[in-house]
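A closer look at the structure
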Amino acid sequence: MKKTVLFAAIAALCTLVSCQPITRYVKTYEYIVTYEKYYSYGIREDANKIFDELCKAVGCQENAYSTPSSVPQDQAKMAACSEVVKKYEELGKESVYLRYLLIKQSVNPEPPITIVKDTIAVYEMGDAMFTKYAFFSYTSNYDEAYAAFKEKMADQRGTDLYKECGQSYLAVKQAFKDFLDTTDPNTGAAALTTRPWKDTEDAISFIKEGCDIIYDNNSDGKFPVALTYAVVKRDFPGFGSPTIIWQKTFEANVE
């Protein structure tokens, strides 16, 4: 009798335990390649071809992660991407700069669910990996100088001298915009300030000569407040500290 009761108790306990499922949480890892188009400057068709090959190597699609895995596959995914980059190195050189990221997404389903994204590799391609390039831009105190001129000559507003002074400032501003910010209407070449260019003596001389022409053509204008323009360059890729390559001041010459 006692044995019968004991067996019944054990059976009841087993039944109770079996009614409570045990949930196992398995952390997963998935990978994706992104094309950093806003940091890249190159031939779209070539960039897309390389991007497609990188996605195939990782097992992902554009905007879609690879199949989740229960174990990390960082080394295998990075090796596969490196092979693609090596294979298309010459094609990549046709562009100035192409940038791709390999991202790992780790998903832990145990409540509260956590998702962590890590960039585990950056792949850079293009001529900029072998040749010096730079971004050129320019700065000025135009806004401050123009506002100070209007305040200084407020009592002469509407006079011919006031109008001439205003035109002097506007002429300089437009000249730099036309030279540095505008696409070449004859060749269709991109504006000097919208993309990186080869950092050569010829390129710098071209910019300096153009700025000197602007200065010479406008230095005799009427400037109640000094106006300074400077052209700077930053190494690309990397965007290091700016280096001034040209700077001149349209001196104040109106009391």
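Everything below is about the structure printed above this text.
Residues numbered from 1 in each chain as written. Predicted model: local features only at pLDDT ≥ 70, side-chain atom pairs only at ≥ 80, totals over all residues. Heavy atoms only, no water.

**Structural notes on the pattern of salt bridges**
How we decide: Salt bridge criterion: a side-chain nitrogen from Lys or Arg within 4 Å of a carboxyl oxygen from Asp or Glu. Numbered from the N terminus, helices here are DSSP runs of H or I no shorter than four residues, and strands are runs of E no shorter than two. Three exposure classes are used, based on accessible area relative to the maximum for each residue type with a 1.4 Å probe and protein chains only: buried under 20%, partly exposed in between, and exposed over 50%.
According to the stated counting rule, one finds seven salt bridges in the structure shown. K104 is paired through a salt bridge with D74; the nearest N and O atoms lie 3.1 Å apart. Of the two residues, K104 is situated in strand β2 (residues 98-108) and D74 in helix α3 (residues 74-87); the sequence distance between them amounts to 30 residues. A relative accessible area of 13% places K104 in the buried class. Given a relative accessible area of 16%, D74 falls into the buried group.

**Here we look at the pairing of strand β4 (residues 133-140)**
Note the threshold: When DSSP finds at least two bridges between two strands, those strands are taken to pair.
Here β4 runs beside strand β5 (residues 197-198); their pairing, made up of two bridges, is antiparallel. Bridging across to β5, Y133 finds its partner in K198. Pairing of β4 with strand β6 (residues 227-236), which is carried by eight bridges, proceeds in the antiparallel orientation. Each bridged residue has a counterpart across the sheet, and for S140 the counterpart in β6 is Y229.

**Remarks on the side chain of S40**
Note the following rule: Contacts described as polar in this section are N or O atom pairs within 3.5 Å, which, within protein, must combine one atom able to donate a hydrogen with one able to accept it, while residues neighboring in sequence count only if both atoms come from side chains. The contact definition used throughout considers only heavy atoms, calling two residues in contact when any of these lie within 4.5 Å.
Note that S40 resides in the loop between β1 (28-35) and α2 (44-58). Overall, S40 belongs to the buried group, its relative accessible area being 9%. A polar atom in the side chain of S40 sits 2.8 Å from the backbone oxygen of E36. For S40, the side chain forms a polar contact with the main-chain nitrogen of R99, separated by 3.1 Å. Once residues within four sequence positions are removed from consideration, S40 is found in contact with Y35, Y97, L98 and R99.

**Considering α2**
Basically, it comes down to this: The span one expects for a helix is its residue count, reduced by one, times 1.5 Å.
Relative to the 21 Å expected for 15 residues at 1.5 Å per residue, α2 spans 21 Å between its end C-alpha atoms, a close match to the ideal helical length. Structurally, α2 contributes buried residues whose contacts are with β1, α3, α4 (89-92), β2 and β3 (114-125). Phi for G59, located one or two positions after α2, is positive at around 85°.

**Concerning α3**
Stated formally: The arc in question is the one traced by the directions running from the helix axis out to the C-beta atoms.
The terminal C-alpha atoms of α3, which comprises 14 residues, lie 20 Å apart, in line with the 20 Å expected from a rise of 1.5 Å per residue. For α3, the complete set of buried residues consists of D74, K77, M78, C81, V84 and V85. Projection of α3 onto a plane perpendicular to its axis shows the buried side chains occupying an angular sector of 120°, all on one side. Of the residues in α3, the exposed ones pointing more than 90 degrees away from the buried face are Q75, A76, E83, K86 and K87. Where α3 is buried, its residues contact β1, α2, α4, β2 and β3.

**Structural notes on the packing of aromatic side chains**
To keep things clear, this is the line we draw: Pairing of aromatic side chains requires ring centres within 6.5 Å, counting the rings of Phe and Tyr and the six-membered ring of Trp. Pairs whose planes differ by under 30 degrees are stacked, by over 60 edge-to-face, and all others tilted.
The full count for this structure, using the stated rule, is 20 aromatic pairs. Centroid distance Y41 to F135: 5.6 Å. Interplanar angle 70°. Geometry classified as edge-to-face. A residue pair is termed long-range when its members are at least 10 positions apart, and Y41 in the loop between β1 and α2 and F135 in strand β4 qualify at 94 residues. You can call Y41 partly exposed: its relative accessible area is 22%. Relative to W246, the ring of F176 has its centre 5.9 Å away and its plane inclined at 50°; by these criteria the two rings are tilted. With F176 in helix α6 (residues 160-180) and W246 in strand β7 (residues 243-250), this pair connects stretches of sequence that are 70 residues apart.

**Some remarks on the sheet that holds β7**
Let me state the cut-off plainly: Axes, fitted as lines to C-alpha atoms, cover a helix only where it is in contact. Angles between the N-to-C directions of the axes lie from 0 to 180 degrees.
Pairing is antiparallel in the open sheet, where four strands are placed in the order β5-β4-β6-β7. Strand pairing shows two members of the sheet lacking a second neighbour, β5 and β7, which therefore form its edges. Lying over the sheet, helix α7 (residues 201-218) contacts β4, β5, β6 and β7, oriented at roughly 10° with respect to β7.

**Description of the packing of α6 against α7**
As a reminder, the rule being used: Between 65 and 115 degrees an angle is taken as roughly perpendicular, under 35 as roughly parallel, over 145 as roughly antiparallel, and anywhere else as oblique. Each crossing gets its handedness from the near helix: less than a right angle anticlockwise from the far helix is left-handed, clockwise is right-handed. Amino acid classes used here: Ala, Val, Leu, Ile, Met, Phe, Trp, Tyr, Cys and Pro are nonpolar; Asp, Glu, Lys and Arg are charged; the rest, including Gly, are polar.
Where α6 contacts α7, the axes come no closer than 10 Å and their chain directions differ by 160°. Classed by the angle they form, the pair α6 and α7 counts as roughly antiparallel. You can see that α6 and α7 cross each other, and the crossing is right-handed. Between α6 and α7, the residues in contact are A171, V172, A175, F176 and F179 and F206, I207, G210, C211, I214 and N218, respectively. For the contact of α6 with α7, the class distribution of residues is nine nonpolar, two polar and no charged.

**Some points on the side chain of E36**
By secondary structure assignment, the location of E36 is in the loop between β1 and α2. Setting aside residues no more than four positions away along its own chain, E36 makes contact with R99 and L101.

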